[in-house]
Amino acid sequence: MTSFLRRTLDTDILILGSGGAGLFAALHAHQAQLRAASPLSITVAVKGLLGKCGCTRMVQGGFNVALAREDSVERHFMDTIEGGKWLPDQDLAWQLVTLAVERIRELENELGCFFDRNPDGTVHQKAFAGQTFDRTVHKGDLTGIEIINRLAEQVWSRKINRLEEHRAVELIKSQDQKSLSGVLFIEMRTGEYVFVRAKAVLLGTGGGPTMYKYHTPSGDKSCDGLAMALRAGLPLRDMEMVQFHPTGLLAGTHTRMTGTVLEEGLRGAGGYLLDGSQERFMQQYDPKAERATRDVVSRSMFTEMRKGRTTPYGGLYISMAHLGPERVRRDFKGMVERCADCGFDLAGGLVEVVPTAHYMMGGVEFGADCSTELPGLFVAGEDAGGVHGANRLGGNGVANSTVFGAVAGDAMARWIEGQGLREPDRAALDAAIEACEKPFRKSAPSTINPIRERLHDVMWEQVGIIRDGAGLAQAQRELAALEAELEACGMADGKRAFNLTWHDWLNLKSLVLVSRTIAAAAIARTDSRGAHYRSDFPHTGPLEQSAFTSIRNGHLAMKSVRFTRVRPGESLLKDAA
Ligand SMILES: Cc1cc2nc3c(=O)[nH]c(=O)nc-3n(C[C@H](O)[C@H](O)[C@H](O)COP(=O)(O)OP(=O)(O)OC[C@H]3O[C@@H](n4cnc5c(N)ncnc54)[C@H](O)[C@@H]3O)c2cc1C
């Protein structure tokens, strides 16, 4: 089977993904090599085009960081822990809030980002829901484009290799099974297989809950990294924790704009959510009303929708007009334009919205240096689990990917010192190629669209915002059936070059595997907290006994959270006593 392999490449550091995590890792590894005895070969391999894909580019709202004199890293930390319902790994959360300060300075002063400023020259920080301080740094409402454009320029200007439109399909272990040897790719332009050996590999493929009917992430994301980690036998934590953003645009089934996000800052600035009769409803659910955390707002909206109080497309409305159309146009230019493209007037009228799957708090278990259990494999960004616990604060996502991407770049450069390249397990390489080739070996071609639609529906209805045991068990059966149907699918078009049906099939394979993991973790968690809500277990269990789900090779364990810095009921803030 290795006869299918067209190319084998060697590199010192291989980075999968070119989001905030991947590009920061590349730049930091490159910087570290200046201290190394000989130059390092660094390769960024990405499913899309470098700088043009992934979700970091789509960041609208901004980046949380404690910069203001009245704010503090302790306050940011407490918001993160309380928002995460005491499930975050506290040491990782501490790293997030402290290193976010370094990272934002680096973005501005070394990498050339311009963020919005106050008249006195200080960096402007806006309000985001669920936080006790306005600490979100931004560039208008198109912050991600600023960050990714500058990062990409910096990568382009250095000697960093690029493999674009290269889809990673399997992590290949070394012959002795003790470490990672490299990664198998499909070069999408030709459909050929490429094996890249590396001393260290970063998994930075950005998760991406695109298995739900309504979702926000970029189309190139299909949980490939998480699926590869599962197949490699690595433990994934907090997989039941899928965050829904309350305000996905709802513009009908004919447009891919449905599901895309209208940023949190709209509610932060004072926007109202209205039901189909144009009445506000959030005060009935939470005293913070529209500024409650995402989980609370999404659940309240879903409840209203289940009661049938909906708009023409079956969702709810967001209304900003009471803040003054001029102000809305000025402060949310990108959002106003996006809504106008779909026929809505955000500044002066009503826009239809629906909760939309946005972010996976769960991911691969990792250490402070981004290492995983598999020597040679590192992880950062949305593929990594444990930083956010049960809920991610808006603005902590891009902070997470950039902070830990940089940590991983530094750590990989250190780790590879004295390491050699490792020979791959040839049988594993053959098996991985054979698994990708499967649909070409079936005689009868199949249509995979119905499988995708069923996946979207089962995840939205039964493994989504409101769950219960019976629904989850039914979802598990349906997901097993979908997996079997996918395995039986045949491909009408035998060509490999840019065969998008083949890639859709591979996407669905990753999504179904990860969906099964989400459903299994959701069944195991018999309490409700953060993004995970069970109508049959509506209360949160004792915080002191907080435990997180950890799943590996289909086996699930509950592991106790270690309160290394603060215990439930305590605070790091002096004025909180
Ligand atoms: C619309 C939207 C708005 C957001 N707004 C905010 C915000 O205001 N503030 C905030 O903090 N967070 C926000 N987020 C979340 C934030 O974007 C993510 O938390 C973060 O940027 C993820 O970074 P990452 O590097 O892990 O992944 P990404 O930036 O998504 O990058 C993943 C990369 O992996 C590549 N890839 C995927 N699969 C493969 C594969 N098989 N092989 C090779 N490469 C692969 C992709 O092509 C991509 O280059 C938003 C997300 C979305 C979708």
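Because the structure is predicted, anything quoted here is derived from the model rather than measured.

### Some details on the overall build of the protein
Okay, step 1: What the protein contains, in helices and strands, is 14 helices and 18 strands.
Okay, step 2: Taking 25 Å as the expected radius of gyration for a compact globule of 577 residues, we find that the protein reaches 23 Å, a close match to that expectation.
Okay, step 3: Structurally, the protein occupies a C-alpha span of about 65 × 55 × 50 Å along its principal axes.
Okay, step 4: Within the protein, buried positions represent 61% of all 577 residues.
Okay, step 5: Contacts spanning at least 24 positions in sequence make up 75% of the contacts within the protein whose residues lie at least 6 apart.

### Topic: the nonpolar core
Okay, step 1: With 158 residues, the main nonpolar core has Leu16, Phe63, Leu107, Leu346, Val514 and Ile518 as its most contacted residues.
Okay, step 2: Ignoring any residue separated from it by four or fewer positions in sequence, one finds Leu346 in contact with Leu266, Ile318, Met320, Val328, Met335, Val336, Cys339 and Val351.
Okay, step 3: If you look at the next biggest cluster of nonpolar residues, it comprises 20 residues, including Ala93, Tyr359, Met361 and Phe563.

### Digging into the pairing of strand S7 (residues 166-173)
Okay, step 1: Within S7, seven of the eight residues are buried, which leaves the element mostly enclosed by the surrounding structure.
Okay, step 2: As paired elements, S7 and strand S8 (residues 180-187) share seven bridges and run antiparallel to each other. Considered in S8, the bridge of Glu170 is made with Leu184.
Okay, step 3: Connecting S7 to the antiparallel partner S8 that follows it, the hairpin turn spans six residues, and Gln177 within it adopts a positive phi of roughly 65°.

### Regarding the sheet that holds strand S5 (residues 136-137)
Okay, step 1: Ordered in space as S3-S5-S4, the three strands form an open sheet in which the pairing is antiparallel. Edge positions in the sheet fall to strand S3 (63-64) and strand S4 (125-126), since each has one partner strand and no second.
Okay, step 2: Sheet analysis places S3 next to S5, joined by two bridges and oriented antiparallel. The partner of Asn64 across the bridge, within S5, is Thr136.

### Here's the deal with the side chain of Gln60
Okay, step 1: Position of Gln60 among the secondary structure elements: in the loop between strand S2 (42-46) and S3.
Okay, step 2: By relative accessible area, which is 8% here, Gln60 ends up buried.
Okay, step 3: A polar contact is formed between the side chain of Gln60 and the backbone oxygen of Val261, at a distance of 3.2 Å.
Okay, step 4: Excluding its chain neighbours within four sequence positions, the residues that come into contact with Gln60 are Gly140, Asp141, Leu142, Thr143, Val261, Leu262, Glu263, Met335 and Arg338.

### Examining the site of the ligand
Okay, step 1: Around the ligand, the surrounding shell holds 40 residues, and the nearest of these are Cys55, Thr56, Gly62, Asp220 and Lys221.
Okay, step 2: Separating an oxygen atom of the ligand from a backbone N or O atom of Cys55 is a distance of 2.7 Å.
Okay, step 3: Between Ser401 and the ligand, the recorded distance is 3.5 Å, taken from a side-chain N or O atom to an oxygen atom.
Okay, step 4: Isolated, the ligand exposes 1,000 Å² of accessible area, and the fraction of that covered by the protein chains is 99%.
Okay, step 5: For the shell around the ligand, the secondary-structure elements that each account for two or more residues are helix H1 (20-33), S2, S7, strand S14 (350-360) and helix H10 (396-415).
Okay, step 6: Here the shell around the ligand takes four residues from H10, the largest share from any one element.
Okay, step 7: Residue classes in the shell around the ligand are distributed as 12 nonpolar, 21 polar and seven charged.

### A word on the sheet that holds strand S15 (residues 363-364)
Sheets are built from strands paired through backbone hydrogen bonds, the pairs being either parallel or antiparallel.
Okay, step 1: Read from one edge to the other, the open sheet built from four strands follows the order S15-S10-S17-S18, with strand pairing classed as antiparallel. Only two strands of the sheet have a single partner each, and these edge strands are S15 and strand S18 (555-560).
Okay, step 2: Pairing analysis gives six bridges linking strand S17 (residues 547-552) to S18, with the strands arranged antiparallel. In the sheet register, Phe548 faces S18, and the bridge partner there is Lys559.

### Concerning helix H11 (residues 426-441)
Okay, step 1: Taking 1.5 Å as the rise per residue, H11 with 16 residues should run 22 Å; its terminal C-alpha atoms sit 21 Å apart, in good agreement.
Okay, step 2: When the local axis directions of H11 are compared, the greatest deviation, roughly 35°, occurs at Ala435, which is followed within four positions by the proline Pro439.
Okay, step 3: On its buried face, H11 sits against strand S1 (5-16), S7, S8, strand S9 (192-203) and helix H14 (500-524).
Okay, step 4: Two or three places before Ala427, at the start of H11, stands the capping residue Asp425, its side-chain oxygen 3.0 Å from that residue's backbone nitrogen.

### A few points about the packing of helix H2 (residues 73-83) against helix H3 (residues 90-110)
Okay, step 1: Across the interface, H2 lies against H3 with an axial gap of 9 Å and an inter-helix angle of 135°. By the angle class used here, H2 and H3 are oblique. The interaxial crossing formed by H2 with H3 has right-handed handedness. On H3, the residues that touch Val73, Glu74, His76, Phe77, Thr80 and Ile81 of H2 are Gln90, Ala93, Trp94, Leu96, Val97, Thr98 and Val101.

### Let's talk about the pattern of salt bridges
Okay, step 1: Under the counting rule described, the total for this entry stands at 47 salt bridges.
Okay, step 2: Residues Asp504 and Arg452 are paired through a salt bridge, measuring 3.4 Å at the closest nitrogen-oxygen approach. Highlighted residues: Asp504 in helix H14 and Arg452 in helix H12 (residues 449-462), separated in sequence by 52 residues.
Okay, step 3: Relative accessible area serves as the criterion here: at 25%, Asp504 is assigned to the partly exposed category.
Okay, step 4: Taken together, the salt bridges that share partners define one network made up of Asp10, Arg197, Glu423 and Arg426.

Criteria and thresholds
- Residues numbered from 1 in each chain as written.
- Predicted model: local features only at pLDDT ≥ 70, side-chain atom pairs only at ≥ 80, totals over all residues.
- Heavy atoms only, no water.
- Helix = DSSP H or I, 4+ residues; strand = E, 2+ residues; numbered from the N terminus.
- Rg over C-alpha atoms; globule rule 2.2 N^0.38 Å.
- Buried < 20%, exposed > 50% of the residue type's maximum accessible area, 1.4 Å probe, protein only.
- Contact = heavy atoms within 4.5 Å.
- Core = buried A, V, L, I, M, F, W, Y, C linked by side-chain atoms within 4.5 Å.
- Pairing = 2+ DSSP bridges.
- Polar contact = N/O pair within 3.5 Å; in protein donor to acceptor, adjacent residues only side chain to side chain.
- Near = heavy atom within 4 Å.
- Areas by Shrake-Rupley, 256 points an atom, 1.4 Å probe, with all protein chains shown as cover.
- Nonpolar A, V, L, I, M, F, W, Y, C, P; charged D, E, K, R; others polar.
- Expected span 1.5 Å × (residues − 1).
- Bend = angle between axes of the 7 residues up to and from the residue.
- Axes fitted to C-alpha atoms, helices over the stretch in contact; angles between N-to-C directions.
- Parallel < 35°, antiparallel > 145°, perpendicular 65-115°, else oblique.
- Left-handed = near helix turned anticlockwise from the far one by under 90°.
- Salt bridge = Lys/Arg side-chain N within 4 Å of Asp/Glu carboxyl O.

The analysis is restricted to geometry; functional conclusions fall outside its scope.
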